[in-house]
Amino acid sequence: MISANASSVPATCFPTAAITAASWDPELLEAIGQAIGREAAAQQVDVVLGPGANLKRNPLCGRNFEYFSEDPFLSGKLAAAFIRSVEASGVGLQVRFPLHESPSIEIHPVETPADLDQFKAVDILKDGRADAFIKTVQELGQLLPNGVLRGAYVTAPFTLAALLCGANNIAMNVILEPGLVLRTVELATSVVTRYALALEQAGADLIMLLDPTALILGPGRFQEFAGRFVSILAAALQDAAPIYHMCGDTTAFLDEFATLGCAALSLDSAVDFAAAAGRLPDDVVLMGNISPVGVVRNMDPEGVRRQVLALRESMSGHGNFILATGCDVPGDAPFENIEAFMAAARE
């Protein structure tokens, strides 16, 4: 490892790439990457010279021990697992990337106000992987035809604060230590706003504000700990339209949602969309709410078509409606079902 002053510093000696590749285990490489990322962050190391993702093409190569394999698929899988976890450590949290589940934060480091100090020096635009997403939005502007909207997403302030504190802890602390929660959400708001503005500058037309953890607040505490910070974030966006999303049955939150200042609300399949539309102002657009699992993943194409047409029929009297799924479509959803969804949307 090389530090900012170009001098070597002590580091743990891990097995070579050739040995770790013999495990055929991306989760092992992820764990090694996490350990190296944490060590680099602790020692203020700026460059990690690895992994060796080159392919072994000749047995005479003197550095073959630094490369994973001669097989491009195995090398790619292992290198990706290593790189993701090293880069994720750049923003201060340990991220787990399981093969068949969504990534998750392993350790929640904020327990006291003093714990927030370590994150004040983090630049979301330079540390970790945020820059890759910003560049992706820029490239979409070059690759997509004119008239196709470019979308991006950010984690909303309260949900980011819950990642820092832990969902269980923050749920208790809104009662026991509300000051700590508010300070954490304020920090999260400043970080997320900086990232959202960078996405907007990169050309994003729509920015989804994802706030699944805010459901635990209930309508009584939503505005104090989540809603008003969403409004700050939404007001900061000048060109990109902010879209707010909370998972689950959010019917009880609709009155609060209407005051957020977002251009649209993305609501889950548990919400009665026609009833929700009747409670919201005409200038607040509803997006949803076909079940991504129950319908798009689990039904056959004809079942998907029937569900889409039924929702369209129920919303035919409401102009403030955009057909969408209620949440993320699972990666293993049949492609023919996605095609059936789009075809029914165009009928």
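(A) Spotlight on the overall build of the protein chain. Broken down by element type, the protein chain carries 13 helices and ten strands. Scored against the burial criterion, the 347 residues of the protein chain give a buried share of 41%. Restricting the contact set of the protein chain to residue pairs at least 6 apart, pairs at least 24 apart contribute 67%. Accessible area for the protein chain stands at about 17900 Å²; split by element, carbon and sulfur atoms hold 55% of it.

(B) Structural view of unusual backbone geometry. In the segment running from Gly 288 into Asn 289, the intervening peptide bond is cis, with an omega of -15°. Mapped onto the elements, Asn 289 comes out in strand β9 (residues 285-290). One non-glycine residue, Trp 24, adopts positive backbone phi at about 55°. Within the fold, Trp 24 resides in the loop between α1 (17-21) and α2 (26-42).

(C) Seen up close, the nonpolar core. In terms of nonpolar packing, the biggest core is built from 72 residues, with Phe 158, Tyr 244 and Phe 257 touching the most fellow members. In terms of residue count, the dominant contributor to this core is helix α7 (residues 178-201) (eleven residues). Here Phe 158 is in contact with Ile 170, Val 174, Val 181, Val 185, Asp 211, Thr 213, Ala 214, Ile 216, Leu 217, Phe 225 and Ala 226, once residues within four sequence places are set aside. In this structure, Ile 36, Leu 74, Ala 79 and Phe 82 belong to the second largest nonpolar core, which totals twelve residues.

(D) Quick look at helix α6 (residues 167-176). Along α6, the residues that are buried comprise Ile 170, Asn 173 and Val 174. Considered in projection along α6, the buried side chains sweep an arc of 110° and stay on one side of the axis. Structural note: α6 exposes Asn 168, Ile 175 and Leu 176 on the side pointing more than 90 degrees away from its buried face. Taken together, the buried residues of α6 touch α5 (157-165), α7 and α8 (218-236).

Here is what the cut-offs are and how they apply
Residues numbered from 1 in each chain as written. Predicted model: local features only at pLDDT ≥ 70, side-chain atom pairs only at ≥ 80, totals over all residues. Heavy atoms only, no water. Helix = DSSP H or I, 4+ residues; strand = E, 2+ residues; numbered from the N terminus. Buried < 20%, exposed > 50% of the residue type's maximum accessible area, 1.4 Å probe, protein only. Contact = heavy atoms within 4.5 Å. Areas by Shrake-Rupley, 256 points an atom, 1.4 Å probe, with all protein chains shown as cover. Core = buried A, V, L, I, M, F, W, Y, C linked by side-chain atoms within 4.5 Å. Arc of directions from axis to C-beta.

Any functional reading would require information beyond the geometric quantities listed.
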